[in-house]
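Residue strings, one per chain:
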Amino acid sequence: MTPRPARNPSEPTVPRAVRPAPAAKKSAAAPPAPRRSASRGVRPAPALSDTDRGRLLAGGHHDPHALLGAHPARGGVAFRALRPYAQAVTVLAKGLRAELHDDGDGLFSGLLPLRAIPDYTLLVSYEDSEIEVQDPYRFLPSLGDLDLHLIGEGRHEELWTALGARPMVHQDVTGTRFTVWAPNAQGVRVTGDFSYWDGAAYPMRSLGSTGVWELFLPGVGDGALYKFDITRPDGSHTLRSDPMARHAEVPPANASVVTESHHVWHDEEWMARRGARPVHESPFSVYEVHLASWRPRLTYRQLADQLPAYVRDLGFTHVEFLPVAEHPFGGSWGYQVTGFYAPTSRMGTPDDFRFLIDALHRAGIGVIVDWVPAHFPKDDWALAEFDGRKLYEHEDPARAEHPDWGTLEFDYGRKEVRNFLVANAAYWCEEFHVDGLRVDAVASMLYLDYSREDGEWSPNEHGGRENLDAVAFLQEMNATVYRRCPGVVTIAEESTAWDGVTRATHHVGAGGFGGLGFGLKWNMGWMHDSLGYVQHEPVHRKYHHSEMTFSMVYAYSENYVLPISHDEVVHGKRALVSKMPGDWWQQRATHRAYLGFMWAHPGKQLLFMGQEFAQGAEWSEGHGPDWWLLDPSYGAEPDHRGVRDLVRDLNRVYAAQPALWERDTDPSGFAWVDGDAAEDNVFAFLRHDAAGSPLLSVSNFSPVVRAEYRLGVPEEVPAWQELLNTDAARYGGGDVGNPSPLKPDPAPSHGRPVSIRLTLPPLATVWLRPA
């Protein structure tokens, strides 16, 4: 669908059925004055009380269905309609045509001598046009008791099927059900292009004590724009986008869009097998992508033509998208979400996004999306004080304000808010076949004192700094997702040493908490330390040797991903290759050596776009990767293409060698050969697969060739063959290596009875396997 042009959605638009511009409405205080005479036989209906009339017209009535529509009354059936700007309203039924009295202020009513309420429609007359419509106020509630019960309990795991705008057939009539949770509102009205953005036309009814408001609008369907006009507790009004909207206008416009999916999935094979093996025992190599800038101005469907082929060619097993949920400011990269259930419309419709995921699955590539339940922005048309009071945010201002980002934190202790987020996690996995959720900013959720000074936070009920509500929420979210969505993995961006991030929720740790239940966790410590090491000049690296070895002290405390993410190549941090010291050759060589070390280190790996071909400039969401570096007409193109060829081979060899992934979380799958060669800037270790077959990785982070370098090796291996060398000429290196098999000598070394002597290329990583 072609995106709609940006506009102010509170202003009227030209709707589908064009009619003349309406005349000004009469003031609510003006006395009723009929504009046209009613049909004979239509008597005046029982008058509304001043209170009911005033509340209805002001948008503050909890039960407009009790006042509008058709109701049995003494002497027949009373009809009442609210049709602002209409000049007449006529009731049509079999054998019946009765024009109602004009009561002023857009209200029309009449008492007809009928024994029962007929199956009727309304003929609404404007200055020079007439429209026959169904009366929204003749319908029973379209939301069931079970839905309301689950919402009230905060346990509706398919919340998106109950709240929001849902096209449906109700009482044999096609239309859209609108529902919204606004427990503090005096009243709620739905408005949109179907009402010419007149907020008065369609008041909703409150359904019991759940705080849910509902209205079924006949004739409204896919593509309609809408918002909710909420009457706050103080009587003022606020116009809000739908928190549960599954489609939104293209920013900066912010109306919600009625949508229903027509996509037919073709990824049955992928979905059937994706959970066959636990993710921590599987190859898992992730290409991180900011969709809007990977190839700027491409739509989801155009991306589906290019991205799967590119990622598959490079051998990554998964892509990870920076947040795709709707967000008003592109410069936030999606991390300040206003539409938690709506894929951003910048690149197309929700079905277009499904098409992209379908294409990736059919190419054998899993899809992870960044998910942001830690905070939300303060835009006055979104979640902040949604119904006039703090609702999604915490009531305590000290708990509501996020100190780092100028945003608001969710109230994880409120069951309806927790339900909103837990269901949202399941929604992305079930409705879009997403294979994983990378949960952003987990540390900021877990600690009450996160980025707060003494006196700016209050301890929990036990006197600690842990946010117990957030802990319970994350445990519930993970347990729900893993139960409902087999094969899906959740990944925590958690930057502290919180115990048990990837431990099962029912296993209590030393701190007294059950595990958070994530499948994987970003290893921020490894990222920080290893990047710190390689940024030093080689002559100084011996003083920082432990920065590369320390990660093995805690490598098996969690199930880790090694992330070189967007956060590390932006805003003054420099691109990965530009972090490396030395001339251009040394920078590229160190970049390649680092990737070889990273792919061999225990843990899964993630690489942000552009780093696979050694882009020298920082990433900017405004223009994305510098693809021109791969243009054959560019003189240094071979340098960049060589690095990309290395990434392709790293992924190819990685996938074919279970030693590199099968025992990532098992200490018996790793053994140092030499972790103390600080003077040489050398790191050598073994990886083993489940059967015990080894792979030897050796990294030389000095700019000199080390010939005849002796390393102790397992005596049961008769010879070693070079499997990958980051100094190969095809990658842009000097082609120093070990072309022939290396047979062990009976010379003890590094605590082993036999050893090999090999040539270590400068600033390079070499992998060897049994010949």
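For every chain, the first residue of the written sequence is number 1, and numbering continues from 1 onward in sequence order. Where totals are concerned, whole chains, interfaces and linings use all residues; where local detail is concerned, this predicted model gives features only for residues with pLDDT of at least 70, and gives and counts side-chain atom pairs only at 80 or more. To obtain the side-chain values, all non-hydrogen atoms of the structure were used and water was disregarded.

## Observations concerning the sheet that holds strand E7 (residues 121-125)
- Taken in spatial order, the 4 strands make up an open sheet running E4-E3-E7-E8, and their pairing is antiparallel. Of all strands in the sheet, those with a lone pairing partner are strand E4 (96-99) and strand E8 (130-133), marking the two edges. The average angle at which neighbouring strand axes cross in this sheet is 20°, direction not considered.
- Strand pairing is assigned whenever DSSP identifies at least 2 bridges connecting the two strands. Secondary structure counts use DSSP, requiring at least four H or I residues in a row for a helix and at least two E residues in a row for a strand, with both numbered from the N terminus. As paired elements, strand E3 (residues 88-93) and E4 share 4 bridges and run antiparallel to each other. Within the sheet, the bridge partner assigned to Leu92 lies in E4 and is Arg97. Axes, fitted as lines to C-alpha atoms, cover a helix only where it is in contact. Angles between the N-to-C directions of the axes lie from 0 to 180 degrees.

## With respect to empty space enclosed by the protein
- Grid spacing is 1 Å over the protein atoms alone, the probe is 1.4 Å, and a cavity is where that probe fits but cannot get out, while a pocket is an open set with protein on both sides within 12 Å along at least five of seven lines and lining residues have an atom within 4 Å of a point. Grid points are joined across faces, edges and corners, and a volume is the space filled by probe spheres set on the points. This structure, assessed with the given rule, holds 8 cavities of 30 Å³ or more.
- Volume-wise, the largest cavity comes out at about 110 Å³.
- Around the largest cavity, the lining is made up of 13 residues, and of these Leu159, Leu163, Trp181, Tyr392 and Glu416 lie nearest the centre.
- Looking at the lining of the largest cavity, the elements that each hand over two or more residues are strand E10 (173-181) and helix H8 (415-431).
- Of the residues belonging to the lining of the largest cavity, the class tally is 9 nonpolar, 2 polar and 2 charged. Ten residue types, Ala, Val, Leu, Ile, Met, Phe, Trp, Tyr, Cys and Pro, are classed as nonpolar, four, Asp, Glu, Lys and Arg, as charged, and the remainder, Gly among them, as polar.

## Observations concerning the side chain of Asp664
- Residue placement: Asp664 occurs in the loop between helix H16 (637-656) and strand E29 (670-677).
- Within 3.5 Å is the distance limit for a polar contact, defined as a pair of N or O atoms, with the added protein rule that one can donate a hydrogen and the other accept it, and that residues adjacent in sequence qualify only through two side-chain atoms. Engagement of the side chain of Asp664 in a polar contact is seen with the backbone nitrogen of Gly603, the distance being 3.0 Å.

## Overview of the environment of Gly339
- Take Gly339: it is sitting in strand E20 (residues 339-343).
- Residue classification places Gly339 among the buried positions, given a relative accessible area of 10%.
- C-alpha of Gly339 to C-alpha of Pro84: the two residues are 255 residues apart in sequence and 31 Å apart in space. Burial classes follow relative accessibility: with a 1.4 Å probe on protein chains only, a residue under 20% of its type's maximum area counts as buried, one over 50% as exposed, and anything between as partly exposed.

## Focus on the sheet that holds strand E5 (residues 101-104)
- Strands sit in the order E1-E2-E6-E5 across an open sheet of 4 strands; the sheet is antiparallel. Where the open sheet ends on each side, the last strands, each with one partner, are strand E1 (69-73) and E5. Each neighbouring strand pair of the sheet contributes to a mean axis angle of 25°, computed without reference to strand direction.
- As judged from the 3 bridges shared by E5 and strand E6 (residues 107-112), these two strands associate in the antiparallel manner. By the bridge assignment for E6, Gly104 is matched with Leu107.
- In this fold helix H1 (residues 50-58) packs onto strand E2 (76-82), E5 and E6, with an angle of close to 135° to the strand it touches most, E6. Any two residues whose heavy atoms approach within 4.5 Å are treated as being in contact.

## Observations regarding the environment of Pro403
- Along the chain, the position of Pro403 falls in the loop between strand E22 (401-402) and strand E23 (407-408).
- You can call Pro403 partly exposed: its relative accessible area is 39%.
- C-alpha of Pro403 to C-alpha of Val133: the two residues are 270 residues apart in sequence and 51 Å apart in space.
- Not counting the four nearest positions on each side in its chain, Pro403 is found in contact with Glu409, Tyr450, Ser451 and Arg452.

## What to know about unusual backbone geometry
- The step from Pro251 to Pro252 runs through a cis peptide bond, and the omega angle for that step is 10°.
- Within the secondary structure, Pro252 is located in the loop between strand E15 (237-240) and strand E16 (256-257).
- Phi is positive for Asp105, which is not a glycine, with a value near 60°.
- One can find Asp105 in the loop between E5 and E6.
- Judged by relative accessible area, Asp105 falls into the buried class, the value being 8%.
- A positive phi is found at Tyr196, a non-glycine position, where the angle reads about 60°.
- Assignment of secondary structure puts Tyr196 in the loop between strand E11 (187-192) and strand E12 (205-207).

## As for the packing of aromatic side chains
- Here a Phe, Tyr or Trp ring, Trp counted by its six-membered ring, pairs with any other such ring whose centre lies within 6.5 Å, and the pair is stacked when the planes are under 30 degrees apart, edge-to-face when over 60, and tilted otherwise. Applying the stated criterion across every chain yields a total of 49 aromatic pairs.
- Measuring from centroid to centroid gives 5.1 Å for Phe79 and Tyr120, while their planes differ by 90°, and the two rings are edge-to-face. Highlighted residues: Phe79 in strand E2 and Tyr120 in the loop between E6 and E7, separated in sequence by 41 residues.
- Classification of Tyr120 by relative accessible area gives buried; the value is 1%.
- Judged by centre distance (5.7 Å) and plane angle (75°), the ring pair of Tyr427 and Trp428 falls under edge-to-face. The same class applies to Tyr427 as to Trp428, namely buried.
- The ring of Trp294 carries Arg295 above its face, with NZ or CZ at 5.3 Å from the centroid.
- Lysine and arginine charges are scored as sitting over a ring when NZ or CZ, respectively, is within 6 Å of the ring centre and within 35 degrees of the ring normal. Across the ring face of Trp522, the terminal group of Arg438 is positioned such that the distance to the ring centre comes to 4.2 Å.

## Focus on the pattern of salt bridges
- One side-chain nitrogen of Lys or Arg within 4 Å of one carboxyl oxygen of Asp or Glu is enough to make a salt bridge. The full count for this structure, using the stated rule, is 44 salt bridges.
- Residue Glu476 is joined to Arg418 by a salt bridge in which the shortest nitrogen-to-oxygen separation is 2.9 Å. Of this pair, Glu476 sits in helix H10 (residues 468-484) while Arg418 sits in helix H8, and the two are 58 residues apart along the sequence. The same class applies to Glu476 and to Arg418, which are both buried.
- One salt bridge in this structure joins Arg663 and Asp666, with 3.7 Å as the shortest N-O distance.
- Taking the relative accessible area as the measure of exposure, Asp666 reaches 29% and is therefore partly exposed.

## With respect to the packing of helix H5 (residues 300-314) against H16
- Remark: H5 packs on H16, axes separated minimally by 7 Å, with the N-to-C direction vectors making an angle of 70°. Considering the angle they form, H5 stands roughly perpendicular to H16. Residues Tyr310, Asp313 and Leu314 of H5 pack against Arg644, Val647, Arg648 and Asn651 of H16.
- In the contact of H5 with H16, the residues fall into 3 nonpolar, 1 polar and 3 charged. These descriptions rest on fixed angle ranges, namely under 35 degrees for roughly parallel, over 145 for roughly antiparallel, 65 to 115 for roughly perpendicular, and the rest for oblique.

## Details of the environment of Gly388
- With respect to the helices and strands, the residue Gly388 is situated in the loop between strand E21 (366-371) and helix H7 (397-400).
- For Gly388, a relative accessible area of 23% translates into the label partly exposed.
- Distance in space between the C-alpha atoms of Gly388 and Arg346 is 30 Å, their sequence separation being 42 residues.
- In contact with Gly388, not counting residues within four places along its chain, are Arg232 and Pro233.

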